[in-house]
Amino acid sequence: MRALTIATLLLVAVSMALSLAHALELPGKLRLKEATYRSVQAIYYPGFTIGGFAEIGGIIALAVLLYLTPYPSARFWWTLAALVSLLAEHATYWLVTHPVNNFWVQDTVLPKSAATFFQCSLESRPATG
């Protein structure tokens, strides 16, 4: 159980680090002209696309950890709170951030993995790159 707890912490830490990086870069990005913003934005996709798998891994690991944690304990409730928070973060990404990202990359040539990722939305986007 200790190994699962450590692995879960690492996955959630990577997930939260990516979200924090986005939040901290926003003030600087808001000062950029549109052309500069578009060219700078594309440099993030390879790393953030790969790092995004930590979110799915964190959700799965937290769900398994929650299942293995005794119900009436404080640890159970903290693990549940962490799982709900990570699910809310993930939902916020798909409902708010992903559509905005799709707008900004619609005319950008992306690597195949990034193009595949950005096709995962309600709006269709032709594959490029």
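For the structure given in this document, a descriptive report is provided here. Because the structure is a prediction, the values reported are computed rather than measured.

**Examining the packing of helix α4 (residues 53-68) against helix α5 (residues 74-105)**
Angle between the axes and distance between the axes are the two parameters that describe a pair of packed helices. As a packed pair, α4 and α5 sit with axes 9 Å apart at the nearest point and diverge in direction by 155 degrees. It follows from the interaxial angle that α4 and α5 lie roughly antiparallel. Considering the relative orientation of α4 and α5, their crossing is left-handed. Contact residues: Glu 55, Ile 56, Gly 58, Ile 59, Leu 62, Ala 63, Leu 65 and Leu 66 in α4; Phe 76, Thr 79, Leu 80, Ala 82, Leu 83, Leu 86, Leu 87, Glu 89 and His 90 in α5. Among the residues forming the contact of α4 with α5, the class breakdown is 12 nonpolar, three polar and two charged.

**Remarks on the packing of aromatic side chains**
Given two aromatic rings, their pairing is described by the distance between the two centres and the angle made by the two planes. The tally for this structure, following the rule as stated, stands at four aromatic pairs. The interplanar angle of 70 degrees and the centroid separation of 5.2 Å between the aromatic rings of Tyr 71 and Phe 76 together place this pair among those described as edge-to-face. Assessed through its relative accessible area of 12%, Phe 76 is described here as buried.

**Some words on the packing of helix α1 (residues 2-30) against α4**
At a closest axis distance of 8 Å, the pairing of α1 and α4 adopts a crossing angle of 145 degrees. Considering only the axes of α1 and α4, their crossing is left-handed. Touching Leu 4, Thr 5, Thr 8, Leu 11, Val 12, Val 14 and Ser 15 of α1 are Ala 54, Glu 55, Gly 57, Gly 58, Ala 61, Leu 62, Val 64, Leu 65 and Leu 68, all from α4. Of the residues in the contact of α1 with α4, the class split is 10 nonpolar, five polar and one charged.

Rules used throughout
- Numbering of residues starts from 1 in each chain and follows the order in which that chain's sequence is written.
- Totals for whole chains, interfaces and linings use every residue, but because this is a predicted model, local features are given only for residues with pLDDT of at least 70 and side-chain atom pairs only at 80 or more, for both listing and counting.
- Just so you know, side-chain values use all the structure's heavy atoms and leave hydrogens and water out.
- Only the stretch in contact is used when a helix axis is fitted, and all axes are lines through C-alpha atoms; the angle between N-to-C directions ranges over 0 to 180 degrees.
- Every helix listed is a DSSP run of H or I at least four residues long, and every strand listed is a run of E at least two residues long, numbered separately from the N terminus.
- Geometric relationships in this document are graded by angle, where less than 35 degrees denotes roughly parallel, more than 145 denotes roughly antiparallel, 65 to 115 denotes roughly perpendicular, and other angles denote oblique.
- Working rule for handedness: look at the near helix, and if it is turned counterclockwise from the far one by less than a right angle, call the crossing left-handed; if clockwise, right-handed.
- Note on contacts: a residue pair qualifies if any of its non-hydrogen atoms lie within 4.5 Å across the two residues.
- Side-chain classes follow a simple rule in which Ala, Val, Leu, Ile, Met, Phe, Trp, Tyr, Cys and Pro form the nonpolar group, Asp, Glu, Lys and Arg form the charged group, and the remainder, Gly included, forms the polar group.
- Between the rings of Phe, Tyr and Trp (Trp by its six-membered ring), a pair exists once the centres lie within 6.5 Å; its type follows the angle of the planes, with under 30 degrees stacked, over 60 edge-to-face, and the other angles tilted.
- Each residue is assigned to one of three classes by its accessible area relative to the maximum for its type, calculated with a 1.4 Å probe on protein chains only: buried under 20%, partly exposed between the two thresholds, exposed over 50%.

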